Amino acid sequence: MENVSEARLLGVLAEFDPLGGASLGLSAWELFATEQQLRGAWQRAINQGWLAPAGYDQVYNERLWRLTASGRAAAQAAEDLTRPAE
């Protein structure tokens, strides 16, 4: 079972940020991963201050999270590192 990197997680969270955030379950689904595979990167993102609670999804009974300013900067830096050179 391969764990998901912070860079991949931040990329997904950046996509959902304008929509009000994402949950652990939604992020795992988007990454074709299990929540267990995502849990380490998720916790590191919270510990780094990259994620902040953004509400609650009543339908799926999950907390929603959004990127903080430092999370958006980390997501941009990760995207810049993975973008092919022109």
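Residues numbered from 1 in each chain as written. Predicted model: local features only at pLDDT ≥ 70, side-chain atom pairs only at ≥ 80, totals over all residues. Heavy atoms only, no water.

Draft legend 1. Quick look at the pattern of salt bridges. Counted according to the given criterion, the structure contains 4 salt bridges. We note a salt bridge from R66 to D17, for which the minimum N-O separation is 3.3 Å. One end of the pair, R66, is in strand β2 (residues 62-67); the other, D17, is in the loop between α1 (6-16) and α2 (24-30), with 49 residues separating them in the sequence. We classify R66 as partly exposed; its relative accessible area is 34%. We classify D17 as buried; its relative accessible area is 7%. Between E35 and R39 there is a salt bridge whose closest N-O contact spans 3.8 Å. Taken as a pair, E35 and R39 lie in helix α3 (residues 35-47) at a separation of 4 residues, close to a single helical turn. (Salt bridge = Lys/Arg side-chain N within 4 Å of Asp/Glu carboxyl O. Helix = DSSP H or I, 4+ residues; strand = E, 2+ residues; numbered from the N terminus. Buried < 20%, exposed > 50% of the residue type's maximum accessible area, 1.4 Å probe, protein only.)

Draft legend 2. Here's a closer look at the nonpolar core. Of all hydrophobic cores here, the largest spans 21 residues; its most connected members are L9, L13, L38, W42 and L51. At the level of elements, α1, α2, α3, β2 and α4 (69-82) are the ones that each hand at least two residues to this core. Here the element with the most residues in this core is α1; it accounts for 5 residues. Contacts of L38, omitting those with residues within four sequence positions, involve V4, L9, L24, S27, A28 and L31. (Core = buried A, V, L, I, M, F, W, Y, C linked by side-chain atoms within 4.5 Å. Contact = heavy atoms within 4.5 Å.)

Draft legend 3. Just unusual backbone geometry, in detail. Despite not being glycine, F32 has its phi angle at roughly 55°, a positive value. Take F32: it is sitting in the loop between α2 and α3. Take F32: its relative accessible area is 80%, and that puts it in the exposed class. The backbone phi angle of N61 is positive, close to 60°, even though this residue is not glycine. Checked against the element boundaries, N61 lands in the loop between β1 (51-57) and β2. According to the relative accessible area criterion, N61 is exposed, its value standing at 55%.

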